[in-house]
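One letter stands for each residue in the lines below.
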Amino acid sequence: MAGTASQASLLLQKQLKDLAKNPVDGFSAGLVDDSSVFEWQVTIIGPPDTLYDGGYFNAIMTFPQNYPNSPPSVRFTSEMWHPNVYPDGRVCISILHPPGEDPNGYELASERWTPVHTVESIVLSIISMLSSPNDESPANIEAAIPLVSEVVHEFVLQKDWREKRDEFKKKFSVIPSYGGVGSL
């Protein structure tokens, strides 16, 4: 295990050095404490033309000892209201889920964690998530309801929604608090 941890440590040190040498627009990242390369502080700048535009959002990225074979966890420490962020701040996106088949069958193995991901690719995926929430599998159902309500409204306004009943049922049956479409 010590060999794995030292390999992870070397890789994380390299990624930190690369980000310091070549900063990426939209975020900054560094160590929470110089004594551990396994915990990073990340500040994300809210993407333009989103609800988060102009905001600064802090998060902690915690890496396992066997990184990059297993994904880090990411938790916003700034208040975050988003369908793919649990109320406690934990980020829920496919690339942060353990590698392999999804036991729930929602994600393809190819959408889940692979060791090719870096701090940069993870944070860029989170920025993308802020721009385009996944309302089909929300971590925070209350934050997803306005999005779902808007989509339901748009769908119902379409004159041919009755002909697309199966599509409508499929789209909204995954939302536990919505309760499916039952009587439609």
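Since the model is a prediction, treat every value here as computed from it, not as a measurement.

Participant: Would you take a moment to explain the confidence of the model for the protein for this structure?
Facilitator: Caution applies to low-pLDDT regions: their predicted coordinates should not be interpreted in detail. The predicted model of the protein has a mean per-residue pLDDT of 82, with 78% of residues at 70 or higher. Across residues 171-184, where pLDDT falls below 50, the model places 22 contacts with residues more than four positions away in sequence or in other chains.

Participant: Got a minute to help me understand the side chain of R112 in this structure?
Facilitator: Among the secondary structure elements, R112 is positioned in the loop between β4 (73-76) and α2 (119-131). Within the structure, the side chain of R112 is placed 2.8 Å from the backbone oxygen of P98, a separation counted as a polar contact. Reaching out from R112, the side chain makes a polar contact with the side chain of E107 at a distance of 2.6 Å. Apart from the residues within four sequence positions on either side, R112 is in contact with S94, I95, H97, P98, P99, G100, E101, D102, P103 and E107.

Participant: Could you clarify how one ought to interpret the pattern of salt bridges in this entry?
Facilitator: Pairing of side chains with opposite charge becomes possible as their charged atoms draw close. Using the criterion set out here, one finds 4 salt bridges in the structure. With a shortest N-O distance of 2.8 Å, R90 and D88 are connected by a salt bridge. Its relative accessible area of 43% is what places D88 among the partly exposed residues. R112 serves as the salt-bridge partner of E107, at 2.6 Å between the closest nitrogen and oxygen. We classify R112 as buried; its relative accessible area is 6%. Through salt bridges that share partners, D102, E107 and R112 make up one connected network.

Participant: Teacher, can you tell me more about the side chain of T43 here?
Facilitator: Mapped onto the fold, T43 is located in strand β2 (residues 36-45). Side-chain polar atoms of T43 contact the side chain of N58, separated by 2.7 Å. Discounting residues that sit within four places of it in the chain, T43 has contacts with G26, F27, S28, Y56, F57 and N58.

Participant: Got a minute to help me understand the packing of aromatic side chains in this structure?
Facilitator: Each aromatic ring pair is characterised by the separation of its centres together with the angle its planes make. Taken as a whole and assessed by the stated rule, the structure comprises 4 aromatic pairs. An angle of 85 degrees between the planes, with centres 5.8 Å apart, marks the rings of Y52 and F57 as edge-to-face. Among the aromatic residues, those joined into a cluster by ring pairs are W40, F63, Y67 and W113. Sitting over the ring of Y86, R90 keeps its end group 4.2 Å from the ring centre.

Participant: Looking at this model, I keep getting lost on the environment of I141. Mind explaining?
Facilitator: Along the chain, I141 falls in helix α3 (residues 141-157). Note: C-alpha distance between I141 and P87 (54 residues apart in sequence) is 9.5 Å.

Participant: Please clarify how the sheet that holds β4 should be interpreted in this entry.
Facilitator: In a beta sheet, neighbouring strands pair by backbone hydrogen bonds and run either parallel or antiparallel. Read across the open sheet, the 4 strands follow the order β1-β2-β3-β4; overall the sheet is antiparallel. Edge positions in the open sheet fall to β1 (27-33) and β4, since each of these has one partner strand only. In this sheet, adjacent strand axes meet at a mean angle of 30 degrees when their direction is disregarded. Sheet strands in contact with α2 are β1, β2, β3 (56-62) and β4, and its direction is about 35 degrees off that of β2.

Here is what the cut-offs are and how they apply
Here the residue numbers are simple positions, counted from 1 along each chain's written sequence. Local features in a predicted model are, by the rule used here, given only for residues with pLDDT of at least 70; side-chain atom pairs are given and counted only at 80 or more, and totals for whole chains, interfaces and linings are based on all residues. Side-chain figures throughout are based on the complete set of non-hydrogen atoms in the structure, without hydrogens or water. The predictor reports its confidence for every residue as pLDDT, a score running from 0 up to 100. Throughout, a residue-residue contact means that at least one pair of heavy atoms, one from each residue, lies within 4.5 Å. Numbering of helices and strands runs from the N terminus; a helix is a DSSP stretch of H or I covering at least four residues, while a strand is a stretch of E covering at least two. Polar contact is the term for a pair of N or O atoms within 3.5 Å; when the atoms are in protein, one must be able to donate a hydrogen and the other to accept it, and sequence-neighboring residues count only if both atoms are side-chain atoms. Every case where a carboxyl oxygen of Asp or Glu lies within 4 Å of a side-chain nitrogen of Lys or Arg is listed as a salt bridge. Throughout this description, buried means an accessible area under 20% of the type-specific maximum (1.4 Å probe, protein chains only), exposed means over 50%, and partly exposed covers the range between. Ring pairs shown here join Phe, Tyr and Trp side chains whose ring centres sit within 6.5 Å, with only the six-membered ring taken for Trp; geometry is labelled stacked below 30 degrees between planes, edge-to-face above 60, and tilted in between. Only when the NZ atom of a Lys or the CZ atom of an Arg is both within 6 Å of the ring centre and within 35 degrees of the ring normal do we say a charge sits over the ring. In this description, strands pair whenever DSSP reports at least two bridges between them. Axis lines are fitted through C-alpha atoms, for helices just across the contact stretch, and the angle between N-to-C directions can take any value from 0 to 180 degrees.

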